[in-house]
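One letter stands for each residue in the lines below.
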Amino acid sequence: MGGCFSKPKPVELKIEVVLPEKERGKEELSASGKGSPRAYQGNGTARHFHTEERLPAPHPYPGAQDCVEAAICHIKDLENGQMREVELGWGKVLLVKDNGEFHALGHKCPHYGAPLVKGVLSRGRVRCPWHGACFNIGTGDLEDFPGLDSLHKFQALQLQRRTKVMAKCISPSAGHSSSTNVLIVGAGAAGLVCAETLRQEGFSDRIVLCTLDRHLPYDRPKLSKSLDAQPEQLALRPKEFFRAYGIEVLTEAQVVTVDVRNKKVVFKDGFKLEYSKLLLAPGSSPKMLSCKGKEVENVFTIRTPEDANRVVRLARGRNAVVVGAGFLGMEVAAYLTEKAHSVSVVELEETPFRRFLGERVGRALMKMFENNRVKFYMQTEVSELRAQEGKLKEVVLKSSKVVRADVCVVGIGAVPATGFLRQSSINLDSRGFIPVNKMMQTNVPGVFAAGDAVTFPLTWRNNRKVNIPHWQMAHAQGRVAAQNMLAQEAEISTVPYLWTAMFGKSLRYAGYGEGFDDVIIQGDLEELKFVAFYTKGDEVIAVASMNYDPIVSKVAEVLASGRAIRKREVETGDMSWLTGKGS
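Residues numbered from 1 in each chain as written. Predicted model: local features only at pLDDT ≥ 70, side-chain atom pairs only at ≥ 80, totals over all residues. Heavy atoms only, no water.

If you check an unreviewed UniProt entry, the protein chain appears there as Apoptosis-inducing factor 3 from Lynx pardinus. Annotation of the protein chain in UniProt includes, under Function (unreviewed entry), the sentence "Induces apoptosis through a caspase dependent pathway. Reduces mitochondrial membrane potential." Regarding the protein chain, the relevant UniProt record gives this comment under Subcellular location (unreviewed entry): "Mitochondrion". (UniProt positions renumbered as here; feature names shortened; annotations may be inferred.)

Put into structure tokens, the structure is as follows:
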């Protein structure tokens, strides 16, 4: 394909979709069921595939015909390494040409709906421009996170996501006995992805997922960006999903001891559960203020939807104080500017995000907040919380300033929630993190750990032991843990990727910038249209950008390919090495 053609008439690319029989219900979604064949035609040759999934009924196709063919472009219109969104009357598809082969996929990232045509095509996969998720162009499969679902392949309709085929639980004792094959402690991204990966890989024994939360797994990073969100809007999977695949979720279930010798955990209510494989993904607990008056009412950390909802309710038309100018604090402050009478931020450093994004980027973001009426009290901390009739009235600072406050949100960091492991023989480091190897294994055979509570070797930073408490990383670690429970010998190799959103603007970040000694900025910081490269010695170790997509995804792909980026390459301002077609 893509060379010279002897045929005089133009060759067109066709997508042909064979619809599933209408009477097939969602209920038969099973590992053994074969999906309907779909055909994809390029240059006159049809290749048939079984996509192994059902469409949710009713299907959004036009008319009642069983086959839809659409001529969408001339074969010469697309170069190798190019992507194009094509309109098919009832929806769009992403058309990709790579190594002479054509691929048609869902055009939106299933995570938050980003247009993938604006992403990065490299090494047989497309990387989302917003949050860095990667999809295999040959299969549509999700290869790097965040998100849970894969892309539809050879499908031209509004449906942009596809849940991989999963096994069901066939263990006769499921739901009743006091033993399980796999126990997962913690139902954040790491725990959920571990459970789903086990089912995707054909594991059909009992899986129990336990959580301190009263809710099924939800999108926690959204809490601080959208404090009004209700639990059902945040849910990562509906209740029926867990039932269908036999993933048992124990809510409000606190593990108090882990007995690794007898492979048993004990819950706070005395319930005991034996396991053969264990994943520890307990996440972290927010740090609290330790000042005078810390027990007064209306002082919150943002940990659950209930916390977030109460903060918004109390802040409406009143005075809000946020302690801590990191990601959580700044997202909360940004959200509350529309709701509260006043928003103040108290921070020990000179600028927000200083340790993470550096002085100059921090200052530019601070200016954006000040333009939105946020008042900053920097290089100080809270010395006292004063109440009137038990409820917060004033926040007193060490600088002796007194700030009016009806509600206070504390975002001063977190500690790993691993207290329950102190009496076990599972190793914890001096800060309470669980050290694991690249396979997410702890020092105890059959016990794995993942997510915010672990330290692990970061491949592309010379296997430095790091803790990366980010959503995307938790997903990736949960998958690797599941693969190794099944003895697949997988290793963690993902490039860290995170994002924040404030005042409708997104900042994206990839890499691991701890210990950076210089920041090289291209673009315009004042206009908030820039890319910042964080360097250590001669090497670029991280990148951040605003209004500069898809540069962060580009850099993430270069780092993922194993190539080092040198400081001199980014100092010149000539970024052709990065923005060339495909890489």
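What follows deals with the overall build of the protein chain. Along its length, the protein chain carries 10 helices and 36 strands. Across the 583 residues of the protein chain, 54% fall into the buried class. Put simply, of all contacts in the protein chain between residues at least 6 apart along the chain, 60% involve residues at least 24 apart. Taken as a whole, the protein chain presents about 25,100 Å² of accessible surface, with 47% of it coming from carbon and sulfur. (Helix = DSSP H or I, 4+ residues; strand = E, 2+ residues; numbered from the N terminus. Buried < 20%, exposed > 50% of the residue type's maximum accessible area, 1.4 Å probe, protein only. Contact = heavy atoms within 4.5 Å. Areas by Shrake-Rupley, 256 points an atom, 1.4 Å probe, with all protein chains shown as cover.)

Inspection of the secondary structure puts T351 in the loop between β21 (342-347) and α6 (354-371). In this structure, the C-alpha to C-alpha distance between T351 and F376, residues 25 residues apart in sequence, is 9.3 Å. When neighbours within four sequence positions are excluded, T351 is seen to be in contact with E359, G362, R363, M366 and M378.

Now for the sheet that holds strand β5 (residues 82-87). Read across the open sheet, the 3 strands follow the order β5-β6-β7; overall the sheet is antiparallel. One side of each edge strand has no neighbouring strand; the edge strands of this open sheet are β5 and β7 (101-105). Shown here is a sheet whose adjacent strand axes are inclined to one another by a mean of 25 degrees, direction ignored. Note: strand β6 (residues 92-98) against β7, 5 bridges, orientation antiparallel. Within β7, the residue paired with K97 across the bridge is F102. (Pairing = 2+ DSSP bridges. Axes fitted to C-alpha atoms, helices over the stretch in contact; angles between N-to-C directions.)

Moving on, we come to the packing of helix α1 (residues 189-200) against helix α7 (residues 471-485). For any two helices packed against each other, the geometry is given by the interaxial angle and the distance between the axes. The N-to-C vectors of α1 and α7 enclose an angle of 40 degrees; their axes lie 7 Å apart at closest approach. For the pair α1 and α7, the sense of crossing is right-handed. Of the residues in α7, those touching α1 at A189, A190, V193, C194, T197 and L198 are W471, A474, H475, G478, R479, A482, Q483 and M485. (Left-handed = near helix turned anticlockwise from the far one by under 90°.)

Further remarks concern the pattern of salt bridges. Side chains carrying opposite charge are able to pair once their charged atoms draw close together. According to the stated counting rule, one finds 30 salt bridges in the structure shown. The salt bridge partner of E349 is R354, with a shortest N-O separation of 2.7 Å. Given a relative accessible area of 16%, E349 falls into the buried group. Taking the relative accessible area as the measure of exposure, R354 reaches 32% and is therefore partly exposed. One salt bridge connects R563 with E569, and the closest N-O pair in it is separated by 2.9 Å. Through salt bridges with shared partners, a single network forms among R123, R125, R127, E143 and E557. (Salt bridge = Lys/Arg side-chain N within 4 Å of Asp/Glu carboxyl O.)

A word on the packing of aromatic side chains. For the structure shown, the criterion picks out 10 aromatic pairs. Here the aromatic rings of F369 and F503 are separated by 4.9 Å at their centres, their planes lie at 70 degrees, and the arrangement is edge-to-face. With F369 in helix α6 and F503 in the loop between β32 (497-502) and β33 (505-511), this residue pair connects regions lying 134 residues apart in the sequence. A relative accessible area of 0% means that F369 is categorised as buried. Note on F503: relative accessible area 24%, which makes it partly exposed. Through a chain of ring-to-ring contacts, three or more aromatic side chains come together here, namely F327, F353, F356, Y509, F516 and Y534. Over the aromatic face of Y335 sits the side chain of K339, whose NZ or CZ is 4.5 Å from the ring centroid. (Phe/Tyr/Trp six-rings, centres within 6.5 Å; stacked < 30°, edge-to-face > 60°. Lys NZ or Arg CZ within 6 Å of the ring centre and 35° of its normal.)

Moving on to the side chain of E384. By the secondary structure assignment, E384 is in strand β23 (residues 382-388). Using a relative accessible area of 17% as the deciding quantity, one classes E384 as buried. Those residues in contact with E384 that sit more than four places away from it in its chain are C291, K292, E394, V395 and V396.

The strand order across the open sheet built from 4 strands is β8-β9-β10-β11, with neighbouring strands paired in antiparallel fashion. Of all the strands in the sheet, just β8 (120-122) and β11 (142-144) have a single pairing partner and so form its edges. The average angle at which neighbouring strand axes cross in this sheet is 30 degrees, direction not considered. Where β8 and strand β9 (residues 125-127) come together, 3 bridges link them in antiparallel fashion.

Structurally, T418 is set in the loop between β27 (414-416) and β28 (434-435). By relative accessible area, T418 is classed as buried at 0%. Polar contacts involving the side chain of T418 include one to the main-chain carbonyl oxygen of G432, which spans 2.6 Å. With sequence-adjacent residues up to four places away left out, T418 is seen in contact with P282, L428, G432, I434 and A453. (Polar contact = N/O pair within 3.5 Å; in protein donor to acceptor, adjacent residues only side chain to side chain.)

Consecutive side chains of a regular strand alternate in pointing toward one face of the sheet and then the other. Most of strand β22 (residues 374-378) is tucked away, with 4 of its 5 residues classed as buried. One ladder, built from 5 bridges, connects β21 with β22; its direction is parallel. The residue of β22 that forms the bridge with V345 is F376. In this region the chain leaves β21, passes through α6 and returns to the parallel neighbour β22; the handedness of that crossover is right-handed. (Right-handed = clockwise from strand over helix to strand, strands pointing away.)

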